[in-house]
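# Structural description and commentary
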Amino acid sequence: MTTKCKILGGFALMIVLIAVRAVMSFWGTRESAENFSSYRTLSRADVNLSNMRSHLENMATNIYRYLRWEESKHMVTAQKNLEDMQTEAARTIDIFTDPKSKSQLEAIRAEAGKLGEMAAAVEKDLKEFYTTYRNVAVKGEEEMMKSLYEIARQTRSAGNTEALYVVFGLMDNFNTSTSAMTNYVHTRSPEYMAAVKKSILELRTEAKELENILRTTEAQELYRSVMEGINKLEQLCDDMGALATRARNSFTNIEGGLVKVVADIDALNEATTQERRSNGNFIEEANQSSLRNTIIMGISGLI
């Protein structure tokens, strides 16, 4: 082979190698770009999913604070936490391209919406609970105490020491009853409600002793108003107990629902993280492969 042919052959080989390298670089760059774009998208999804989890946990914390301190600002903040979570979820749905992840996020949003409905139910029941206590129970207790004081005044004036002794005992028991009710309202504990009902039963039993020892018609009317007040207080206990139980059950359901939603978010987040890491590894391997090909092509050209 002549020198001219060798030169032309070498030149042609270099052209072919350059062309092959160009094609490989094009496809490698294109694939790397696609995987990098996917990596960036999945990274954003990871951040959003973590934010969703935080918003839900903050929501539960604020609902608990509302239950503990009865301050409406905590429930307002809880609803804001849920809105932020739903906004973050909608943003994340737009990020995902695969139907499976979108479907999982839609299901998570729906479950979170149910948590919001249960939170609203808790607020409604507890507002009614406290309204009943302040506007009905407390006023009823005040009226009963006034009636007892008036019976005491009349029996003292009439010299009816037997009735006066019973009335003083009633007042002591009534104070015990109102204290138990106050404790129940602050804690909504079934144990305190049991104490309230026990004290009401004792009140009724002791009050009946007045029925046959009061000497005036006015005192008898006051006695009947006291017995009516005791009956109303007992009914209020049942009503308030039902409201408190319903609110407590709703919060228990919120806790259970929250555990499920957070678990679903964590599962999706883990799957997203694994896919992101896989894309990151592919990008790194593609870069290393590109470097190897460049070296091989260079050495081939020299040979």
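Because the structure is predicted, anything quoted here is derived from the model rather than measured.

This brings us to the overall build of the protein chain. On a plain count of helices and strands, the protein chain comes out with six helices and zero strands. Going through the 303 residues of the protein chain one by one, you find that 39% of them count as buried. For the protein chain, the share of sequence-separated contacts (at least 6 apart) that also reach a separation of at least 24 residues comes to 78%. For the protein chain, the exposed area adds up to about 17500 Å²; of that, 56% sits on carbon and sulfur atoms.

Turning our eyes to something else, we now look at the environment of Val261. Residue position: Val261 is located in helix 6 (residues 217-302). Considering only alpha carbons, one finds Val261 and Leu56, 205 residues apart in sequence, at a separation of 8.7 Å.

Let's shift gears to the nonpolar core. Counting 73 residues, the largest nonpolar core has Leu56, Phe129, Met181 and Leu210 as its most contacted members. If you list the elements that add at least two residues to this core, you get helix 1 (3-69), helix 2 (72-95), helix 3 (99-157), helix 4 (161-187), helix 5 (190-207) and helix 6. Here the element with the most residues in this core is helix 6; it accounts for 20 residues. Sequence-distant contacts of Phe129, that is, excluding residues within four places in its chain, are made with Tyr184, Val185, Arg188, Met240, Leu243 and Ala244.

On average, the protein chain scores 83 in pLDDT, and the residues at 70 or more come to 78%. Across the protein chain, the element-wise mean pLDDT spans from 68 in helix 1 up to 93 in helix 2. Confidence drops under a pLDDT of 50 for residues 25-36, and excluding neighbours within four residues, the segment shows seven contacts in the predicted structure.

Glancing now at the pattern of salt bridges. Using the criterion set out here, one finds 16 salt bridges in the structure. Here Glu71 ties to Lys73 by a salt bridge, and the two come within 3.7 Å at their closest N and O atoms. Assessed through its relative accessible area of 52%, Lys73 is described here as exposed. Across the pair Glu143 and Lys146 runs a salt bridge, and its minimum N-O distance is 4.0 Å. Of this pair, Glu143 and Lys146 are both found in helix 3, three residues apart, which corresponds to roughly one turn of the helix. Under the relative-accessibility criterion, Glu143 is labelled partly exposed at 47%. Look at the salt bridges and you will find they share partners, linking Arg53, Glu57 and Asp266 into a network.

Here helix 5 is 18 residues long and its end C-alpha atoms lie 25 Å apart, about the 26 Å a rise of 1.5 Å per residue gives. Those residues of helix 5 not exposed but buried are Met193, Val196, Ser199, Ile200, Leu203, Arg204, Glu206 and Ala207. The arc that holds the buried residues of helix 5, viewed along the axis, is 165°, so those residues lie on one side. Opposite the packed face of helix 5, turned more than 90 degrees from it, sit the exposed residues Glu191, Lys198 and Leu201.

Taking 1.5 Å of rise per residue, the 24 residues of helix 2 would be expected to cover 34 Å, and the 35 Å separating its terminal C-alpha atoms lies within 8% of that figure. Those residues of helix 2 lying buried are His74, Met75, Ala78, Asn81, Leu82, Met85, Gln86, Glu88, Ala89, Thr92, Ile93 and Ile95.

Now for the packing of aromatic side chains. Within the structure shown, the criterion is met by two aromatic pairs. Geometrically, the ring pair formed by Phe129 and Tyr130 is edge-to-face, given 5.2 Å between the ring centres and 85° between the ring planes. We note that Phe129, like Tyr130, is buried. Relative to Tyr184, the ring of Phe129 has its centre 5.8 Å away and its plane inclined at 65°; by these criteria the two rings are edge-to-face.

On to unusual backbone geometry, then. Even without a glycine there, the phi angle at Glu70 is positive, about 55°. Looking at the secondary structure, you find Glu70 in the loop between helix 1 and helix 2. Of note, the phi angle at Arg188 is positive, near 55°, even though the residue is not glycine. When you line up the elements, Arg188 lands in the loop between helix 4 and helix 5.

Below, the discussion takes up the environment of Gln79. If you trace the backbone, Gln79 turns up in helix 2. Residue classification places Gln79 among the partly exposed residues on the basis of a relative accessible area of 25%. For Gln79 and Ala120, which are 41 residues apart along the polypeptide, the C-alpha to C-alpha distance reads 8.7 Å. Here Gln79 is in contact with Gly116, Ala119 and Ala120, once residues within four sequence places are set aside.

About the cut-offs
Residues numbered from 1 in each chain as written. Predicted model: local features only at pLDDT ≥ 70, side-chain atom pairs only at ≥ 80, totals over all residues. Heavy atoms only, no water. Helix = DSSP H or I, 4+ residues; strand = E, 2+ residues; numbered from the N terminus. Buried < 20%, exposed > 50% of the residue type's maximum accessible area, 1.4 Å probe, protein only. Contact = heavy atoms within 4.5 Å. Areas by Shrake-Rupley, 256 points an atom, 1.4 Å probe, with all protein chains shown as cover. Core = buried A, V, L, I, M, F, W, Y, C linked by side-chain atoms within 4.5 Å. pLDDT = per-residue confidence, 0-100. Salt bridge = Lys/Arg side-chain N within 4 Å of Asp/Glu carboxyl O. Expected span 1.5 Å × (residues − 1). Arc of directions from axis to C-beta. Phe/Tyr/Trp six-rings, centres within 6.5 Å; stacked < 30°, edge-to-face > 60°.

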